[in-house]
Amino acid sequence: MSGMKAKNPLPLLHGVKPSYLVLPHDKQFYGQPLLHFLCARFPFVGEAAWKARLNSGMVVNQHGRPINEHASFQPGETIFYYRETSRESEPRIPFDEHILHIDQHLIVVDKPHFLPVIPSGRFLRETLLTRLRLRADLQHLNVADITPVHRLDKDTAGVMLLSHNPASRAAYQQMFAEKTVQKTYHALAPTRLDLPYPLTVQSRLVRGESFFLTQEVDGTPNAQTEIRLLEMHGDVSLYELKPLTGKKHQLRVHMMKLGMPLLNDALYPDVLPAGTEDYAKPLKLLAKSIGFIDPISGEERVFESRQAL
C-alpha cells in the first residue's frame, strides 16, 4: 500500500479493530463486481460467505458507506471489514494475563505462554491485545488506543509493555529502536558445563526458508546474546539470557547453536505442526524483566514478571 492509510470509519467489535484493504489497480477486475475480486483474493472464505458479509452492512469504504454484493470494483478504494472466526474454531487459551502496572502512558502486562500479542493468522479473539481491550478494569481508558510497543512471541511468557496514549507512544517505541532497553530472560535448556560463562554469542540471523523461522548465515553478525548459567539441575539448567539486539527468535536460535535448544520448543530444532500445542508443555522461555530510563519522566524503571520456570 502506498500513501497514507484512510481513517478507519468502523469501531472496535468485541475488542477487535477492523481489517482494511486497498483495492489494487488490477485491470482484470476493472468493471467487475467487487465480489469477484474478494473471492479471488480470499478464496478460502468462499462466495456465499462473502455475499453474506457484504450484505450485512459491516463492510464499508473509506467514507463509511456500506458496500453490498452488487458494488463494483473501484481501484484505489479502501474497504474496511471485520475478520470472522467462530468460537469453536478459536477456543480460549486457558491462561490469564496479569496487569503489573498502569499509568497515563503505559500498561505493563505479565503475558502467559501460548497467548499471541496481536491478531494474526488463526488467532483473532484469543490475543493479548483483544483481551486487554475487553477488560472491565481498563474501560476508563480509550481501549482502541492500546498498542504494543515491542514484540514478544506467543510461545514466550513474561513482561510486555503496551501504550494507550498516542501522544507519547513514539517515545517508548524509540527506546526499543535505539536498543536502550535492558531485557532479561530466563530459560531452561540442557546443561553444558564446558562453556566459559558468562559468554556472548554473535551471528548473522535472517528469515528462514519458512517465513516463520529464523536461520543463521555467514556474514557480519547482526545478533548478539549474553548467556549466564544461573542454576544447575542435573541434565537441565536455568540460564539468564540478555539479548543485546532484537532479532526474531534470536534467543531460541542462539541456544540451539550451542547445542542447548530450549525445552519444549515447537520450532527449533524441529517444527511441530500448527495447532498441536500441548498446554502442559510450554516453551521454557520467560521475559523476566524490562528496565529503561523513562523517556517522559526521566526516572529509572524496572518491571519484573511474577512467573517462574
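Please refer to the structure placed before this passage.
Definitions and limits used
Residues numbered from 1 in each chain as written. Predicted model: local features only at pLDDT ≥ 70, side-chain atom pairs only at ≥ 80, totals over all residues. Heavy atoms only, no water. Helix = DSSP H or I, 4+ residues; strand = E, 2+ residues; numbered from the N terminus. Buried < 20%, exposed > 50% of the residue type's maximum accessible area, 1.4 Å probe, protein only. Polar contact = N/O pair within 3.5 Å; in protein donor to acceptor, adjacent residues only side chain to side chain. Contact = heavy atoms within 4.5 Å. Patch = residues over 30% accessible without salt bridge, like charges linked within 9 Å, V, L, I, M, F, W, Y side chains within 5 Å. Areas by Shrake-Rupley, 256 points an atom, 1.4 Å probe, with all protein chains shown as cover. Salt bridge = Lys/Arg side-chain N within 4 Å of Asp/Glu carboxyl O. Pairing = 2+ DSSP bridges.

Asks: In this structure, what is going on with the side chain of Arg-301? I would like to understand it.
Replies: With respect to the helices and strands, the residue Arg-301 is situated in strand 14 (residues 300-304). You can call Arg-301 buried: its relative accessible area is 10%. A polar contact of 2.9 Å, which involves the side chain of Arg-301, links it to the side chain of His-101. Only 2.7 Å separates the side chain of Arg-301 from the side chain of Asp-294, close enough to count as a polar contact.

Asks: Is there a simple way to explain the side chain of Asn-165 in this structure?
Replies: Inspection of the secondary structure assignment puts Asn-165 in the loop between strand 7 (157-163) and helix 4 (166-177). A distance of 3.3 Å separates a polar atom in the side chain of Asn-165 from the backbone oxygen of Gln-104. Setting aside anything within four residues of it in sequence, one finds Asn-165 in contact with Gln-104 and His-105.

Asks: What's the story with the environment of Arg-252 in this structure? I'm lost.
Replies: Note that Arg-252 resides in helix 5 (residues 250-257). The exposure class assigned to Arg-252 is buried, which follows from its relative accessible area of 2%. Distance in space between the C-alpha atoms of Arg-252 and Leu-263 is 10.0 Å, their sequence separation being eleven residues. Residues within four places of Arg-252 in sequence aside, it is in contact with Asp-153, Asp-155, Leu-262, Asp-265, Ala-266, Leu-267, Tyr-268, Leu-283 and Leu-285. Within the local environment of Arg-252, its side chain forms a polar contact with the side chain of Asp-265, the two groups lying 2.7 Å apart.

Asks: Would you mind showing me how to read a nonpolar patch on the surface here?
Replies: A contiguous nonpolar surface patch, about 290 Å² in accessible area, is contributed by Phe-211, Phe-212 and Val-271. Secondary-structure assignment places Val-271 in the loop between helix 5 and strand 13 (285-293). Its relative accessible area of 41% is what places Val-271 among the partly exposed residues.

Asks: Please clarify how the pairing of strand 10 (residues 214-217) should be interpreted in this entry.
Replies: In summary, the side chains of a regular strand alternate between the two faces of the sheet. With four bridges connecting them, strand 9 (residues 199-207) and strand 10 associate as antiparallel partners. The residue of strand 10 that forms the bridge with Val-206 is Gln-215. Counted along the chain from strand 9 to the antiparallel partner strand 10, the turn is six residues long.

Asks: Can you help me understand the pattern of salt bridges in this one?
Replies: In a structure, side chains of opposite charge can pair up when their charged atoms sit close to one another. Within the structure shown, the criterion is met by 17 salt bridges. Close ionic contact of Lys-154 with Asp-155 constitutes a salt bridge, the shortest N to O distance being 3.1 Å. Put simply, Asp-194 and Arg-192 hold a salt bridge, and the shortest N to O gap is 2.7 Å.

Limitation: the analysis is restricted to geometry and does not speak to function.
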